[in-house]
Number of protein chains: 2
Amino acid sequence: MVSIPVLTLKRLPQYLELLQQFQREGQSHVSATRLAEITGVHVTQVRKDLALTGVVGVPKVGHKTAELIEAIKSFLNWNDSSSCFLVGAGHLGSALLGYQELSRKGLSIVAAFDTDPALSGTTVNGVKIYGLDRFANLCRRLHINIGILTVPSEHAQATAQMMIDNGIVAIWNFTPVHLDVPEGVIVENVDMSASLAVLSHRLAEKLHHETKVERSH
Amino acid sequence: MVSIPVLTLKRLPQYLELLQQFQREGQSHVSATRLAEITGVHVTQVRKDLALTGVVGVPKVGHKTAELIEAIKSFLNWNDSSSCFLVGAGHLGSALLGYQELSRKGLSIVAAFDTDPALSGTTVNGVKIYGLDRFANLCRRLHINIGILTVPSEHAQATAQMMIDNGIVAIWNFTPVHLDVPEGVIVENVDMSASLAVLSHRLAEKLHHETKVERSH
DNA sequence: AATTTATCGATATAAAAGTATCGAATAAGA
DNA sequence: TCTTATTCGATACTTTTATATCGATAAATT
């Protein structure tokens with residue numbers, strides 16, 4: 001099997017976002033050239049990325065917008081929705097519960113869990129919040145295999161372990177903690193810190209550089 | 001000037017997180033070997049990454065934990081705090097306002113803005129929320145140069161433009177929209193979609209593969 | 001109908017990132 | 001004091017990812 005470059009996978013949603021915008025604007029066709037111009041990704045790269053999803057384009061006109069959207073969605077498995085549990089219904093957790101977009105990306109949060117007894121029994125955006133003691137039972141019964149981890153750092157590893165013990169094989173990790181998991185378990189980190197690190201360093205570099213330029217006048 | 005690989009920048013916060021944990025546990029020294037074991041990053045890679053921050057280690061004992069922490073923090077400019085504005089105080093916006101960790105990463109949200117008049121005048125975690133009409137004035141007066149973008153997709157580009165028009169040079173973009181900005185403006189995307197794409201595809205691949213294996217028995 | 005132009009997709013080259021190897025340095029133990 | 005084990009840091013190598021080149025194709029134009 002051909003292994004898909006991670007970076008390609010990460011670019012696909014960006015194309016998808018644009019394509020859906022084009023579709024709303026009524027554009028029936030889009031060329032790789034166009035996508036490249038807007039995203040800043042190199043044309044050849046866009047072509048390679050799209051090629052992996054299996055679509056073929058037509059010279060002079062490009063790709064059918066609708067077809068391309070379908071191809072990307074099905075490639076990412078965003079067409080049929082997967083059920084998942086969310087653990088940690090604090091600020092970030094509630095934000096995700098309220099995030100409508102997720103359903104458009106094939107993810108349906110069917111229940112949330114939190115240690116705080118005050119939250120237990122409440123509902124956020126139609127999703128019910130349970131105490132952690134209910135997790136094991138529900139998780140096994142509903143055959144959930146995706147878990148969203150939005151607990152405080154200190155509970156990250158233990159919570160991840162609980163998920164794994166109850167059959168979860170893919171963890172979407174929003175904590176800055178590196179999770180130690182058995183082979184075969186998929187962990188995907190949403191690394192806000194990583195992103196902030198890039199921003200901070202770039203900005204410091206930029207400001208420092210500008211100061212130097214000013215001084216040299 | 002030596003340009004820092006983006007991926008190195010992204011790994012640094014991960015090391016930092018671990019190092020701070022080690023420090024709490026009272027470990028005065030950490031070796032690259034140790035960091036590599038835990039993070040899963042190759043030893044040589046860890047060494048290269050650390051080398052870029054300018055620290056030097058001692059054979060047989062490794063690096064001084066405290067020194068390494070300081071080196072990474074100062075390299076990322078996380079020691080002195082930068083003021084920033086947040087626009088879009090919805091679910092995700094409020095989550096960020098309530099996210100204490102940010103201050104430990106050199107980011108201080110000094111004000112938030114939202115179109116919803118109901119939010120105007122309220123306070124989340126000590127941060128006051130204003131109407132968007134106040135943005136221009138406050139932004140210029142306080143010389144803010146970092147903006148956090150947490151508005152709905154359809155307002156992303158326009159809001160970004162407003163930020164730039166008022167002196168913001170670095171945008172931390174939480175929307176899935178690709179922002180079109182003038183040269184020199186730094187955009188850093190927290191790509192939840194990208195991350196979800198990797199998760200979805202990996203999981204689909206894994207499940208598909210397991211099904212095949214089962215069938216072959 | 002012939003020509004031009006925009007785009008595709010394949011192949012080849014270049015750059016970047018990751019991995020392996022090796023000598024040097026230093027603490028700990030013989 | 002000498003040897004051994006561990007870790008560092010530099011250099012060389014490999015793999016991955018990105019960019020460039022080029023012929024082929026199909027719509028638009030002459």
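Rules and cut-offs
Residue numbers restart at each chain and count upward from 1, following the sequence in its written direction. Key to labels: chains lettered from A, ligands numbered from 1, both in the order written. Reporting in this predicted model follows two pLDDT cut-offs: at least 70 for local features of residues, and 80 or more for side-chain atom pairs to be given and counted; totals over whole chains, interfaces and linings ignore these cut-offs and use all residues. Each side-chain value is worked out from all heavy atoms of the structure, with water and hydrogens disregarded. Throughout the structure description, domain borders are defined by an automatic or database domain assignment. In this analysis, two residues are considered to be in contact whenever any of their non-hydrogen atoms come within 4.5 Å of each other. Any Lys or Arg side-chain nitrogen found within 4 Å of a carboxyl oxygen on Asp or Glu counts as a salt bridge. Residues adjacent in sequence count toward polar contacts only when both atoms are side-chain atoms; beyond that, a polar contact is any pair of N or O atoms within 3.5 Å, and within protein one must be able to donate a hydrogen and the other to accept it. A run of H or I in DSSP counts as a helix once it spans at least four residues, and a run of E counts as a strand once it spans at least two, with each numbered from the N terminus. Note on residue classes: Ala, Val, Leu, Ile, Met, Phe, Trp, Tyr, Cys and Pro are nonpolar, Asp, Glu, Lys and Arg are charged, and everything else, Gly too, is polar. The near set for a molecule or strand comprises every residue that places at least one heavy atom within 4 Å of it. The copies were overlaid with a least-squares fit restricted to C-alpha atoms from residues scoring a pLDDT of at least 70 in each copy.

Turning to the domain arrangement of chain A, a few remarks are in order. Each assigned domain of chain A is listed here: domain 1 (6–76) and domain 2 (82–193). Placing a centre on the C-alpha atoms of domain 1 of chain A and another on those of domain 2 of chain A gives a separation of 31 Å.

Attention now moves to the interface of chain A and chain B. With 55 residues of chain A at the contact, the number on the chain B side is 56 residues. On inspection of chain A and its partner chain B, the count reaches 0 salt bridges. Our count for the chain A to chain B interface comes out at 12 residue pairs in polar contact (both at pLDDT 80 or more). Of all elements in the fold, only helix 1 (6–24), helix 2 (32–39), helix 4 (65–76), helix 5 (91–97), strand 8 (170–173), strand 9 (186–189) and helix 9 (192–215) of chain A reach the threshold of two or more residues within the side of chain A that touches chain B. Here the element with the most residues in the side of chain A that touches chain B is helix 9 of chain A; it accounts for 16 residues. Each residue belonging to the side of chain A that touches chain B can be placed in one class, and the counts come to 33 nonpolar, 15 polar and 7 charged.

Around DNA strand C lies a shell of 21 residues, among which Ala32(A), Arg47(A), Gly57(A), His42(B) and Thr44(B) are the nearest. Between DNA strand C and the protein, one listed contact pairs a phosphate oxygen with a side-chain N or O atom of His63(A) at 3.4 Å. One of the side-chain nitrogen or oxygen atoms of Lys48(B) is found 2.9 Å away from a base oxygen of DNA strand C. When contributions to the surface near DNA strand C are tallied by element, the ones reaching two or more residues are helix 2 and helix 3 (43–52) of chain A together with helix 1 (6–24) and helix 3 (43–52) of chain B.

Moving on, we get to the protein's contact with DNA strand D. Taken together, 21 residues are adjacent to DNA strand D, and His42(A), Pro59(A), Ala32(B), Arg47(B) and Gly57(B) come closest. Backbone atoms, meaning sugar and phosphate, form 65% of the atoms of DNA strand D found within 4 Å of the protein. If you list the elements that add at least two residues to the surface near DNA strand D, you get helix 1 and helix 3 of chain A together with helix 2 (32–39) and helix 3 of chain B. No other element matches helix 3 of chain A, which puts 3 residues into the surface near DNA strand D. Residue classes in the surface near DNA strand D are distributed as 7 nonpolar, 8 polar and 6 charged.

A word on the relation of the copies chain A and chain B. When chain A is fitted to chain B, the best match, at an RMSD of 0.1 Å, comes from turning it 180° and sliding it 0.0 Å along the axis. The symmetry that links the two subunits is that of a two-fold axis. By residue overlap, the copies meet face to face through one surface: 100% of the interface positions of chain A are interface positions in chain B.

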